[in-house]
Structure formats: structure tokens, C-alpha cells
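Each chain, written out:
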Amino acid sequence: MKRITTKAILAATLVLILQGCSQQKAVEKPKNSASQSQSVSSSQASSSSEVSSSSSQEKPVKSDEDSYQKVFEDYRLLLSSNSSDTQAAENLRNQLHFPLEYWTVDNILAQPDALAYSFHDLNGDGQKELLVGAKFGENPYHLVSLYYLKGQEPALLGESHAASVGGSRVTLFVYRDGHVLSSHWQSGSGNGQATLYQLSNQNQELETLQQIDFTKTADAGESQFGLSQADRLDMDSLTWKKF
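Residues numbered from 1 in each chain as written. Predicted model: local features only at pLDDT ≥ 70, side-chain atom pairs only at ≥ 80, totals over all residues. Heavy atoms only, no water.

## Examining helix α3 (residues 69-79)
The test is simple: Only protein chains enter the accessibility calculation, which uses a 1.4 Å probe. A residue is then buried if its area is under 20% of the maximum for its type, exposed if over 50%, and partly exposed in between. Numbering of helices and strands runs from the N terminus, with a helix taken as a DSSP run of H or I at least four residues long and a strand as a DSSP run of E at least two residues long. In this description, the arc belongs to the directions extending from the helix axis to the C-beta atoms.
Within α3, the full set of buried residues consists of Val71, Phe72, Asp74, Tyr75 and Leu78. The buried residues of α3 occupy an angular sector of 155° when projected down its axis, which confines them to one face.

What follows is the structure, given as C-alpha cells:
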């Protein structure tokens, strides 16, 4: 009877030990599952961070020169020409991305060393316009042409020239408040037409504010818009560079 009791005790002890091991494994199993879940979450967060970082670096901001690259190509083509005859001006203007009037090209070819460019934000929208100007001696810069960005592409806003024959004149004035005045007139009669523009700072579109016909005026119709030379942007205050 005593031997049976000892065996029974040993058997009971073995059962308890086995049950304890089984319970310990059951408790440890969820612990491993939680660890795996944390590892997956950490990996997903890291991957998401990498994607976000990559997205923020996808679109580098263009420089002003890059934004107006096609315009620079036009002027480098014009300035590389060694000829200023009539046929050369006509042939060159037809090769430009943004065709200029014949007399504008003729004026550029006649005085290539006077030409320079500057960037300036005319309407305060954070996007700079490209001004092409010419300077003769001690005289202030005068505007030869003006370009702006329509969306992401350059567009010609206006130009100026003085015809060698025929009396045709085109003037282009820029004002401190962002207005732009383009006037076409005849030097002999003083008669012409002037158009006042404004670049929208909302959608980068060119708005035509008013257009008038004028006769025998010395200021190309400027005074009829309530403007004067004092209102113009000081061209010499800009930073100019050679092409």
C-alpha cells in the first residue's frame, strides 16, 4: 500500500510539472505575436516615411534662367549673327520661339553690345518676369522686350523699336504698380494706339485694362491713362546682366 502511494505521488507531481510547462508556453506565445506586430508596424512607418521624403524631393524648383530657357535661346541666336542686313533680320525672326517684329530684330542686330537682361517680379505674385533692355552711353536702360510665365511656359508680353525708315515707333513702359503700357505710333503724325495691361497675380494671365487711340502726343498716350514718367519703374535700379 505504501509503494502504491509513492507512485501515485510521483505521477501526480509529473502531471503538475507538465501542466506548468504547457501553461508557460501558452503565455509566451502571444508575447511573440505582439513582437512581430510591432516589427511590422515599425517597418510600415519607416516605409511611409521614405515615400514621404521621396515625394517632397521629386520636383526641384526651376531657376529663373531655366524657366525662360527658350527666350535665352532666341537672343543667343540673334546675338550670334554677324549680319545686320534686311534679309538676315527677316530670316532670323522666323526662327525664334517667340517671333519679334521685323524692326525689333533689326534694332537688336544693329546694337548687339547694348543688350542685357534682368528678372523682376512686376506684380508681386512671387514669379519673376524677364526684361530685355538696351543701354546707350549714359542714358538709362530702355525696354526692348518683356516676357512672363503663362502657367509654366514663357510668353511675350510686348516689345519696342524705332524703324529706320517709315517712322514706325513702338514703346513699352513698365510701372511701379505692375501696369505695362504698349504704344504703337507714327513719328511723323504722332498718331497711334496705346494699350494698358496688368498681369494677374491670381492665374498668371495677361489682362487688357484699356485701349485708346491718341493723336499728336509726345508721351505715346501715357498721360491719357493718368500715368507719367514719374510712375515708371526705374530701369537703372534693376540688376542687369549680359547674355
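After presenting the structure, the write-up continues.
## As for unusual backbone geometry
The backbone phi angle of Ala220 is positive, close to 55°, even though this residue is not glycine. Tracing the backbone through its elements, the reader meets Ala220 in the segment after β9 (206-214). Here Ala220 falls in the buried class, since its relative accessible area comes to 3%.

## Overview of the layout of surface pockets
Empty pockets left among the atoms are what a rolling probe the size of a water molecule brings to light. Note the threshold: For cavity detection a 1 Å grid was placed over the protein atoms alone, and a set of points counts as a cavity when a 1.4 Å probe fits there but cannot get out; an open set counts as a pocket when protein lies on both sides within 12 Å along at least five of seven lines, with lining residues being those that have an atom within 4 Å of a point. Grid points are joined across faces, edges and corners, and a volume is the space filled by probe spheres set on the points. In this classification, the charged set is Asp, Glu, Lys and Arg, the nonpolar set is Ala, Val, Leu, Ile, Met, Phe, Trp, Tyr, Cys and Pro, and all remaining amino acids, among them Gly, are polar.
Quantified by volume, the largest pocket comes out at close to 660 Å³. Every residue lining the largest pocket is counted, 28 residues in all, and those nearest its centre are Tyr141, His142, Leu143, Leu172 and Phe173. Per-element tally for the lining of the largest pocket: the top contributor is strand β6 (residues 168-174), with six residues. Considering only residue class, the lining of the largest pocket consists of 16 nonpolar, eight polar and four charged.

## Some thoughts on the nonpolar core
Note the following rule: Think of a nonpolar core as a cluster: buried Ala, Val, Leu, Ile, Met, Phe, Trp, Tyr and Cys residues, connected wherever their side-chain atoms sit within 4.5 Å. Here, residues are in contact when the closest pair of their heavy atoms is within 4.5 Å.
Residues Tyr68, Tyr75, Leu78, Leu100, Leu130 and Tyr147 are the most contacted members of the largest nonpolar core, which totals 24 residues. Of all the secondary structure elements, the ones that give two or more residues to this core are α3, α4 (86-93), α5 (102-110), β1 (115-120), β2 (129-134) and β3 (142-150). With residues up to four places along the chain from it excluded, the contact list for Tyr75 reads Leu100, Ile108, Leu115, Val132, Ser145, Tyr147 and Phe243. Counting 18 residues, the second largest nonpolar core, distinct from the first, contains Leu122, Val180, Leu233 and Leu238.

## Points about empty space enclosed by the protein
According to the stated counting rule, one finds one cavity of 30 Å³ or more in the structure shown. The calculated volume of the largest cavity comes to roughly 40 Å³. Residue classes in the lining of the largest cavity are distributed as three nonpolar, four polar and two charged.

## Overview of the pairing of strand β8 (residues 192-199)
Selection rule: The pairing criterion for strands is at least two bridges between them, as found by DSSP.
Buried residues dominate β8, accounting for seven of its eight residues. Sheet topology places strand β7 (residues 179-186) next to β8; seven bridges connect them, and they run antiparallel. From the neighbouring strand, Ser183 faces β8, where its bridge partner is Ala194. Hairpin connection, β7 to β8: the antiparallel pair is bridged by five residues, and Gly190 has positive phi, about 80°. Bridge analysis of β8 against β9 gives eight bridges, and the strand direction is antiparallel. Note that in β9 the partner of Gly192 across the bridge is Phe214.

## As for the packing of α3 against α5
To keep things clear, this is the line we draw: Where helices are involved, their axes are fitted lines through C-alpha atoms of the stretch in contact, as for all axes, and angles between N-to-C directions lie from 0 to 180°. Relative orientations are named as follows: roughly parallel for angles under 35 degrees, roughly antiparallel for angles over 145 degrees, roughly perpendicular for angles from 65 to 115 degrees, and oblique for any other angle.
Packing of α3 against α5 brings their axes to within 9 Å, and their N-to-C directions diverge by 60°. Put simply, α3 runs oblique to α5. Where α3 abuts α5, its residues Tyr75, Leu78 and Leu79 lie against Val105, Ile108 and Leu109. Taken together, the residues of the contact of α3 with α5 break down into six nonpolar, no polar and no charged.

## With respect to the pairing of β1
Buried residues dominate β1, accounting for five of its six residues. As paired elements, β1 and β2 share six bridges and run antiparallel to each other. Counterpart to Tyr117 in the pairing with β2 is Val132.

All we've got here are geometric facts, nothing functional implied.
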